[in-house]
Amino acid sequence: MEQEFMEIQKNDRMPFSCGPSVSCFTECCHDLDQVLTPYDVLRLKTHLHLSSSEFLSRYTIRFTGPETGLPLVGLRPIAEKRFACPFLAEDGCTVYEDRPSSCRSYPLIRMASRSRQTGEITVRYAFFREPHCRGWESSGQHVRVAEWLENQGLEPYNVMNDRVLELIAAVNRLRPRTLSSIERDDIYTALYDTDTFLENHMATGRYVSNDNTSSYDSVLDIGLQWALERIRRLS
Ligand code: SF4
Ligand code: SF4
């Protein structure tokens, strides 16, 4: 079977099922080339009881987005184990409750875009069939796309991931591929190394620690807001 990428509607059904009983169980956790969103990083580092900087240095690779020039983070796979995910064990995912959004979605791809004029977010879906994935032939069950999204607990991920689109739009409009390395470092800290970011900014008295800062939304919102202000200020 060749790779297949096909657009699908939210109410359509896909003939797909996945779980420990499929013959290809965890195949999709190998040959990893996986980008993490800021929200993925927050969930994973919290799950592992690590500070954001410890998590980033142990498990991720940093690179620069070719389109925007923004800093991006990917999971660092284990080369000796067929480039497996560092969180993969014999019996499956060790961070299942807080696994990244792309793991939850797969084989569904969610494509979100933001209108320049109104800021409105439009979402399209596609499924991605790959030869190693046998979920397409395992049961004949047909799952509705909307059901899949709900069952995989994607709602909070999508909400938080969509907030990053505002920053991407601002960079594309005001500073496409022109961020300096210092600006990139600062934005990286604000979006991904959130503990360091909050520590630095609370020390200046700009942000006050309260109960809200411990929630995912607040932590990420503070970093995103700061990054947006910085892009706008420098433009
Ligand atoms: S986080 Fe879990 S589901 Fe995702 S690639 Fe790693 S082991 Fe697989
Ligand atoms: S069916 Fe597809 S998604 Fe499920 S374990 Fe197999 S390769 Fe991964």
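Residues numbered from 1 in each chain as written. Chains lettered and ligands numbered in written order. Predicted model: local features only at pLDDT ≥ 70, side-chain atom pairs only at ≥ 80, totals over all residues.

Draft legend 1. Layout of the environment of Lys 45. Its location among the elements puts Lys 45 in helix 1 (residues 38–47). A residue is classified by how many C-beta atoms lie within 10 Å of it, and Lys 45, with 24 of them, is buried. With 51 residues separating them in the primary sequence, Lys 45 and Tyr 96 have C-alpha atoms 13 Å apart. Beyond its immediate chain neighbours, meaning those up to four positions away, Lys 45 contacts Leu 50, Ser 52 and Phe 55. (Helix = DSSP H or I, 4+ residues; strand = E, 2+ residues; numbered from the N terminus. Buried ≥ 20, exposed ≤ 12 C-beta atoms within 10 Å, placed from the backbone. Contact = placed C-beta atoms within 7 Å.)

Draft legend 2. Inspection of the sheet that holds strand 1 (residues 4–8) at higher detail. Taking strand neighbours across the sheet as the criterion, the three strands line up as 1-9-8 in an open arrangement whose pairing is antiparallel. With one partner strand each, in any of the chains shown, strand 1 and strand 8 (108–114) form the two edges of the open sheet. When strand polarity is set aside, the average angle formed by the axes of neighbouring strands in this sheet is 30°. Most of the contacts of helix 5 (residues 155–174) go to strand 8, to which it runs at about 40°, and overall it touches strand 8 and strand 9 (121–129). (Pairing = 2+ DSSP bridges. Axes fitted to C-alpha atoms, helices over the stretch in contact; angles between N-to-C directions.)

Draft legend 3. The arrangement of the domain arrangement of the protein in detail. Domain assignment breaks the protein into domain 1 (4–152) and domain 2 (165–234). Here the C-alpha centroids of domain 1 and domain 2 sit 24 Å apart. Between domain 1 and domain 2, the contact holds 19 residues from the first and 22 residues from the second. Listing elements by their share of the side of domain 1 that touches domain 2, those giving two or more residues are helix 1, helix 2 (52–59), strand 4 (60–64), strand 5 (71–75) and strand 8. It is helix 1 that provides the largest number of residues to the side of domain 1 that touches domain 2, a total of four residues. Within the side of domain 1 that touches domain 2, the residues separate by chemical class into ten nonpolar, six polar and three charged. (Domains from an automatic or database assignment. Nonpolar A, V, L, I, M, F, W, Y, C, P; charged D, E, K, R; others polar.)

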